[in-house]
Amino acid sequence: MKASKLQGVYEEGRSLYTQNLAPGIRVYDEALVTVKGIEYREWNPTKSKLAAALVKGMPQMGIKPGSIVLYLGASTGTTVSHVSDIVGKEGIVFALDFAPRVVRDLVFVAEQRGNIAPILGDAAQPKTYAHRICAVDVVYQDVAQKDQAGIFIKNCREFLMPGGFGLLAIKARSVDIAKKPKQIFREVRDQLAKEFTVVDYRELDPLEKDHCLFLCKNR
Amino acid sequence: MKYQYSSIIGDVVFDNQFHVVEQGHNLFKKYPNLQEPDEHHKVKIQMAMRDKKFFAAFVKDNIAQTKQDVKRSVIPDNHIVHAVNLLEELDTLINTIVKRLREWYELWNPEFSKSIQSHEKFCELIAIKKNEDLLKEINIDRKHSMGAEISPKDQDAILQLARRCRDLYTLRSSTQSYAESLLQENYPNLCTVAGSAIAGKLLGHAGTGRRLVMMPASTIQLLGAEKALFRHMRNKRSPPPKYGLLFQHPFVQSARKSEQGKHARALADKLSMAVKIDYFKGVYCGDRLKKELEEKFNK
């Protein structure tokens, strides 16, 4: 087990790992590996788009120990748990989702870890949860809605610190089923470039079909 | 000049440089002349809240608030959707194990199994009546039966399965009447126009009544035909679907083949009206909607 180029992320062979914040507890069915008394959780790139982007060669992600992260579209907390591992006890993750069913599972994960603040709310309306969070270093968004880029820009304007990073996972199939994914990615990129510096983007094939992850930096 | 801000972690008072003066509960009375921050102050406030000493409170209070939100999010629609989905699952489950029961029972008494078509009745009868009585009912002598002699232990295993099947049928009918009564209570208009079976499936497909209300009639017409619709949108050579779940409705079924699409469209139109009336607690007019629909095509 050795540290990777990114702070808080470890690698062994071709697999990625994060140090388990709640030792002994699995969040989904990931493997737990203990090396020299420290427990690591395997980060599965077929289940987490952020891990998929790293495997596909994204050079940085802005999330590091001590970061404050706003995570939109948290679902049951698969990726959130790894983000929570990386930011550690010094950081905090505000994890938001729209569906009560998945937030129910998310609350259990949050209770085990102590640095996740779960929120049941609609990412398209930042005003409704503004009083529940603070300004953040990183906005990560993975929602399957039509206006994904618009929602992302709205949240970044409201909450992202100057110089902070934004990560946007685009699901081409929820934007427009009839258009070519490549074309959608190009359009989103142009839209983002008006507001931010687009640092990097990775298409996630074959780990996630028709998905793309953008990394932008706030000016 | 001082500013007040209500956060989830309690009240916060800021000075005019937007540094935190005090944070706690019910603070505002202590300070006279507090001002409401305006829009561009909010950015500075968000930044001031980035203090590590607030993090534990952010986690604790957000968890507590979210728990309450999840608790309050449960509505009658959730029960309807679960009951309707359970019905579908019960149908497949019952079918699978009754087929197994029949196969197994036919080793013992094939003549009786063949003589009775209805699965439900079959389970009921073999669970309560003795095997000899059943043979007598179909006038077959044990000696001429194809059935093997099997030990009491084997008989017991078969009959236990039969009793479980019978219980599942009871569960199915009680679930059905439960779902129907909930639907009648919450969606009377939709039930009248669609029938409770299709009304339940529409709700199950949309997830909640709110989402079904938001849908235009054209979407309701194609609920359940997503696969065909997206195939058509990607490849125009494949024809567009005309109906999804609505195909099972007697109004569409009874139409001529060439008219079915037209019927489904008119039906979806009325359904979308009916569900909107139900959701916003309008007066009952399901019968009128249904009559209008029938008259439209009976000229």
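Residues numbered from 1 in each chain as written. Chains lettered and ligands numbered in written order. Predicted model: local features only at pLDDT ≥ 70, side-chain atom pairs only at ≥ 80, totals over all residues. Heavy atoms only, no water.

A. Summary view of the overall build of chain B. On a plain count of helices and strands, chain B comes out with 15 helices and four strands. In summary, chain B has a C-alpha radius of gyration of 31 Å against a globular reference of 19 Å for 299 residues, an excess of more than 25%. Looking at chain B residue by residue over its 299 residues, the buried ones come to 42%. Summed over its atoms, the accessible surface of chain B is roughly 17800 Å², and 53% of this surface lies on carbon and sulfur atoms. In chain B, 48 positive and 36 negative side-chain charges are present, and the distance between their average locations comes to 6 Å. (Helix = DSSP H or I, 4+ residues; strand = E, 2+ residues; numbered from the N terminus. Rg over C-alpha atoms; globule rule 2.2 N^0.38 Å. Buried < 20%, exposed > 50% of the residue type's maximum accessible area, 1.4 Å probe, protein only. Areas by Shrake-Rupley, 256 points an atom, 1.4 Å probe, with all protein chains shown as cover. Lys, Arg positive; Asp, Glu negative; His and termini not counted. Charge placed at Lys NZ, Arg CZ, Asp CG, Glu CD.)

B. Region of interest: the overall build of chain A. Scanning chain A for helices and strands turns up six helices and 12 strands. Whereas a compact globule of 219 residues would reach a radius of gyration of roughly 17 Å, chain A reaches 16 Å, a difference of no more than 12%. Taking the principal axes of the C-alpha coordinates as reference, chain A spans close to 50 × 40 × 35 Å. Within chain A, the fraction of its 219 residues that count as buried is 56%. For chain A, contacts bridging at least 24 residues in sequence account for 59% of all contacts bridging at least 6. When the accessible area of chain A is evaluated, it comes to approximately 9200 Å², of which 49% is carbon and sulfur surface. The centroid of the 31 positive side-chain charges in chain A is displaced by 3 Å from the centroid of its 25 negative side-chain charges. (Contact = heavy atoms within 4.5 Å.)

C. Inspection of the side chain of Thr175 of chain B at higher detail. All names here are of chain B. Turning to its location among the elements, Thr175 is positioned in helix H7 (residues 152-186). On the accessibility criterion, Thr175 (8% relative accessible area) is buried. Reaching out from Thr175, the side chain makes a polar contact with the backbone oxygen of Leu171 at a distance of 2.6 Å. Apart from residues lying up to four places away in sequence, Thr175 is in contact with Ala83, Leu86, Leu87 and Leu90. (Polar contact = N/O pair within 3.5 Å; in protein donor to acceptor, adjacent residues only side chain to side chain.)

D. Layout of the packing of aromatic side chains. All names here are of chain B. For the structure on display, the rule yields 15 aromatic pairs over all chains. Aromatic pair Tyr5 and Phe14: ring centres 6.3 Å apart, planes at 55°, arrangement tilted. The class for Tyr5 is buried, based on a relative accessible area of 8%. Put simply, the rings of Tyr3, Tyr5, Phe14 and Phe18 touch in pairs and so form one group of aromatic residues. Residue placement shows Arg102 over the ring face of Phe122; its charged tip is 4.2 Å from the ring centre. (Phe/Tyr/Trp six-rings, centres within 6.5 Å; stacked < 30°, edge-to-face > 60°. Lys NZ or Arg CZ within 6 Å of the ring centre and 35° of its normal.)

E. Seen up close, the domain arrangement of chain B. Residues and elements named next belong to chain B. Per the domain assignment, the segments of chain B are domain 1 (3-73), domain 2 (76-181) and domain 3 (187-296). Taken over C-alpha atoms, the centre of domain 2 sits 35 Å from the centre of domain 3. Contacts between the two partners involve six residues from domain 2, matched on the other side by 10 residues from domain 3. Here domain 2 and domain 3 share an interface that buries about 620 Å² over both sides, 64% of which is from carbon and sulfur atoms. Counting the contacts that link domain 2 with domain 3 gives zero salt bridges. At five residues, helix H3 (residues 76-105) tops the list of elements feeding residues into the side of domain 2 that touches domain 3. (Domains from an automatic or database assignment. Buried area = accessible area lost by both parts, 1.4 Å probe. Salt bridge = Lys/Arg side-chain N within 4 Å of Asp/Glu carboxyl O.)

F. Structural detail: the interface of chain A and chain B. Counting residues at the interface gives 33 residues for chain A, matched by 24 residues for chain B. Together chain A and chain B conceal approximately 2400 Å² of surface at their shared face, both sides included; 65% is due to carbon and sulfur atoms. Interface area lost by chain A to chain B is led by His131, Arg132 and Ile177 of chain A, which between them contribute 24%. With a closest N to O distance of 2.8 Å, Arg50 of chain B and Asp137 of chain A form a salt bridge. Run the count over chain A and chain B and you get 11 residue pairs in polar contact (both at pLDDT 80 or more). Of all elements in the fold, only strand S7 (92-97), helix H3 (100-113), strand S8 (116-120), strand S9 (136-141) and strand S10 (160-171) of chain A reach the threshold of two or more residues within the side of chain A that touches chain B. In terms of residue count, the dominant contributor to the side of chain A that touches chain B is H3 of chain A (six residues). When grouped by side-chain class, the residues that make up the side of chain A that touches chain B number 22 nonpolar, four polar and seven charged. (Nonpolar A, V, L, I, M, F, W, Y, C, P; charged D, E, K, R; others polar.)

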